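# A look at the structure
As a plain string of letters, each chain reads:
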Amino acid sequence: MVLLIVGTALCTCLAALLRPVSGDITMFSNARFVSRAFGIYFLCMVAMGYAENAREKILTEIFSEYDGKIPPNYDNDIPVKSSVQFYIIGIDSINEATMDFSMTFFVRQRWVDKRLNYTPVFNMTRLELDTRRMADVWVPDLYFVNEKKADVHQVTVPNKLMHIYPDGLVVYSMRVTATFSCTMDLQKYPLDDQRCNIILESYGYSTETLLMRWHQTPVEKSDNLQLPQFDLQNITEYICDVTYASVTYTCLKLELYLHRNLGYYIIQVYVPSVLIVILSWVSFWLNVDSTPARISLGLLTVLTMTTQSQGAKASLPRVSYVKAIDIWMSTCLFFVFAALIEFAYVNVLSRVDQRRGKSVMSNMNEAKEEDDEKEKGKLCCFKNLEDRERARLVDKISRLLFPAIFVIFNIVYWLVYVFWEPSPAP
């Protein structure tokens, strides 16, 4: 120890002496000075080599009588207090169909193990352990309750870190990518907000042995954290100790509040469906006798709307309640189908017109008297004019009625689903 203190002082002096000073260049030509400098340098190297050997010696002494299978304070019946912190690197995906989300993060734990106390030497502040040596140290048996799949990164070595401080403080960190289940309420989809949880518990140790609590800064986030369809608005931490079979286990929970961005759905779902509905109204401006054009337009819009509706719902789970996207797609499909039905009604009126006209013409050919013939011609023209006007009147009403109802539907739809907070779905 004395050698170390002397070596430290000599190294400091050597650094000061070897610093060039203006006007004193001749000092380095003095052979006596140079020999002393080399002597001090040699002592520094010896002290540093001794420090490296001291680290190995400390590790050997620590683990000579250490048993990593026994928790700290086990004999004193005092629970180990472990501090937990998350550092979120990225949220990779959020899947509505499987109701889960994937996240890459560092999970950091801190606890005190008095059996790992040591006296620091030289300028030592902590011991940094290799991953192979970490297996000898007791660590809390933390596990994720709602985890579906998880991996600790292994490239190029296991991504784990363990530092031991002189007072027995152990800092343990590992890099994990995990997929967590998240029960989503999709009644307002895609105008919804979701709350997803990460739940941590001790698997085997009760609160009498291990007590996990959040760090003063429970969660840290990467500056580059971005989600394609969501905004991570808030993260709330909870303590949720649970009891199984009359035994209480320590539990921690993180709640992530996710707000869905509507831009993708406006571009890919809402705007195309509105355009398809408007396209179906074009048939109201076509001639009553343009049967092929109106049939083609009506069938095209119905089939297109059906295909888009199926595509919008393809990535969603089969839930038993009605979603906002269901209401929208069903209403748009109803509008284009109603436009097709309107044409069918107008076409029926037109065909009745034609049949009635042919019947009247036949009666006119059988008539023998000229006065009766003229009177029947007037009656034919009157009835023909009346039926065609009825068909045109239906088209004129539809030109105003369909857009008006669709606008009212939009106002009600957006007001309800923007401000309505539904009760949890069954």
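Up top is the structure.
As a starting point, this report considers the structure included with it. (Residues numbered from 1 in each chain as written. Predicted model: local features only at pLDDT ≥ 70, side-chain atom pairs only at ≥ 80, totals over all residues. Heavy atoms only, no water.)

## Some words on the overall build of the protein chain
- Assigned secondary structure in the protein chain consists of seven helices and 12 strands.
- Looking at the protein chain residue by residue over its 426 residues, the buried ones come to 39%.
- Counting every atom, the protein chain has about 24,900 Å² of accessible surface; 59% of that belongs to carbon and sulfur. (Helix = DSSP H or I, 4+ residues; strand = E, 2+ residues; numbered from the N terminus. Buried < 20%, exposed > 50% of the residue type's maximum accessible area, 1.4 Å probe, protein only. Areas by Shrake-Rupley, 256 points an atom, 1.4 Å probe, with all protein chains shown as cover.)

## Section: the packing of helix H4 (residues 263–280) against helix H5 (residues 291–313)
- Taken N-terminus to C-terminus, the directions of H4 and H5 make an angle of 165 degrees; their axes are 9 Å apart at the nearest point. What the angle tells us is that H4 and H5 run roughly antiparallel. Crossing geometry of H4 relative to H5 is assigned as left-handed. Counted together, Gln268, Val269, Pro272, Ser273, Ile276, Leu279 and Ser280 of H4 and Leu297, Thr301, Thr304, Met305, Gln308 and Ala312 of H5 form the full contact between these two elements.
- Of the residues belonging to the contact of H4 with H5, the class tally is seven nonpolar, six polar and no charged. (Axes fitted to C-alpha atoms, helices over the stretch in contact; angles between N-to-C directions. Parallel < 35°, antiparallel > 145°, perpendicular 65-115°, else oblique. Left-handed = near helix turned anticlockwise from the far one by under 90°. Contact = heavy atoms within 4.5 Å. Nonpolar A, V, L, I, M, F, W, Y, C, P; charged D, E, K, R; others polar.)

## Points about the packing of aromatic side chains
- Scanning the model with the defined rule gives 33 aromatic pairs in all.
- Their ring planes at 20 degrees and their centres at 5.0 Å tell us that phenylalanine 86 and phenylalanine 105 sit as a pair that is stacked. With phenylalanine 86 in strand S1 (residues 80–95) and phenylalanine 105 in strand S2 (residues 100–112), this pair connects stretches of sequence that are 19 residues apart.
- It is lysine 253 that lies over the ring of tyrosine 238; its NZ or CZ is 5.1 Å from the centre. (Phe/Tyr/Trp six-rings, centres within 6.5 Å; stacked < 30°, edge-to-face > 60°. Lys NZ or Arg CZ within 6 Å of the ring centre and 35° of its normal.)

## Observations concerning the layout of surface pockets
- The computed volume of the second largest pocket comes to approximately 280 Å³.
- Around the second largest pocket sit 19 residues that line it, and Tyr189, Gln229, Tyr264, Tyr265 and Ser315 are the ones nearest its centre.
- Listed by contribution, the elements that provide at least two residues to the lining of the second largest pocket are S1, H4 and H5.
- Of the residues assigned to the lining of the second largest pocket, the class counts are 11 nonpolar, six polar and two charged. (1 Å grid on protein atoms, 1.4 Å probe; cavity = no way out; pocket = protein on both sides within 12 Å on 5 of 7 lines; lining within 4 Å. Points joined across faces, edges and corners; volume = space filled by probe spheres on them.)

## Brief notes about the side chain of threonine 209
- Of note, threonine 209 is situated in the loop between strand S8 (193–206) and strand S9 (210–221).
- When sequence neighbours within four positions are dropped, the list of residues in contact with threonine 209 reads Pro71, Ile78, Pro79 and Val80.

## Thoughts on the nonpolar core
- Membership of the largest hydrophobic core comes to 85 residues, with the highest contact counts inside it found for Val84, Phe86, Ile91, Met103, Phe105, Ile198 and Leu200.
- Sort the elements by how many residues they give to this core and helix H6 (residues 324–366) lands first, with 10 residues.
- Residues within four places of phenylalanine 105 in sequence aside, it is in contact with Phe86, Tyr87, Ile88, Ile89, Phe144, Met174, Arg175, Val176, Ala178 and Phe180.
- Val346, Leu349, Ala391 and Val394 belong to the second-largest nonpolar core, a separate cluster that totals five residues. (Core = buried A, V, L, I, M, F, W, Y, C linked by side-chain atoms within 4.5 Å.)

## Topic: the pattern of salt bridges
- Going through the model one piece at a time under the given rule, you end up with 14 salt bridges.
- Note that aspartate 67 is salt-bridged to lysine 69, the shortest N-O span being 3.2 Å.
- Using a relative accessible area of 68% as the deciding quantity, one classes lysine 69 as exposed.
- In this structure, aspartate 326 and lysine 313 form a salt bridge, with 3.6 Å as the shortest nitrogen-oxygen distance. Of the two residues, aspartate 326 sits in helix H6 while lysine 313 sits in helix H5, which places them 13 residues apart along the sequence.
- We classify aspartate 326 as buried; its relative accessible area is 13%. (Salt bridge = Lys/Arg side-chain N within 4 Å of Asp/Glu carboxyl O.)

## Digging into H4
- A rise of 1.5 Å per residue sets the reference length of H4, with its 18 residues, at 26 Å; its end C-alpha atoms lie 25 Å apart and thus fit the reference within 8%.
- Approximately 30 degrees is the largest bend angle found in H4, and it occurs at tyrosine 270, with the proline proline 272 only one to four residues beyond.
- Those residues of H4 lying buried are Tyr265, Val269, Tyr270, Ser273, Ile276, Val277 and Ser280. (Expected span 1.5 Å × (residues − 1). Bend = angle between axes of the 7 residues up to and from the residue.)

## A few points about a nonpolar patch on the surface
- Taken together, the side chains of Ile266, Ile267, Val271, Leu275 and Ile278 present a nonpolar region at the surface, about 430 Å² in accessible area.
- Residue placement: isoleucine 266 occurs in helix H4.
- Residue classification places isoleucine 266 among the partly exposed positions, given a relative accessible area of 31%. (Patch = residues over 30% accessible without salt bridge, like charges linked within 9 Å, V, L, I, M, F, W, Y side chains within 5 Å.)

## Side note on unusual backbone geometry
- Of note, the bond from valine 155 into threonine 156 is cis; its omega dihedral lies within 30 degrees of zero at -5 degrees.
- For threonine 156, the location among the structural elements is in the loop between strand S5 (147–152) and strand S6 (160–164).
- Cis rather than trans, the peptide bond between tyrosine 189 and proline 190 has omega equal to 5 degrees.
- Look at asparagine 73: it is not a glycine, yet its phi comes out positive at around 60 degrees.

## Regarding the pairing of S1
- In this sheet, S9 lies alongside S1 in parallel orientation, the contact comprising eight bridges. Each residue of the ladder has a partner; that of isoleucine 88, found in S9, is lysine 221.
- Of the pairings in the sheet, the one linking S1 to S2 comprises 11 bridges and is antiparallel in character. The partner of phenylalanine 86 across the bridge, within S2, is valine 107.
- With antiparallel pairing between neighbouring strands as the criterion, S1 and S2 make up a hairpin whose turn holds four residues, including methionine 99 at a positive phi of roughly 50 degrees. (Pairing = 2+ DSSP bridges.)

## Comments concerning H5
- For H5, with 23 residues, the first-to-last C-alpha span of 33 Å sits near the 33 Å given by 1.5 Å per residue.
- Residues Thr291, Arg294, Leu297, Gly298, Thr301, Val302, Met305, Gln308, Ser309 and Ala312 constitute the buried set of H5.

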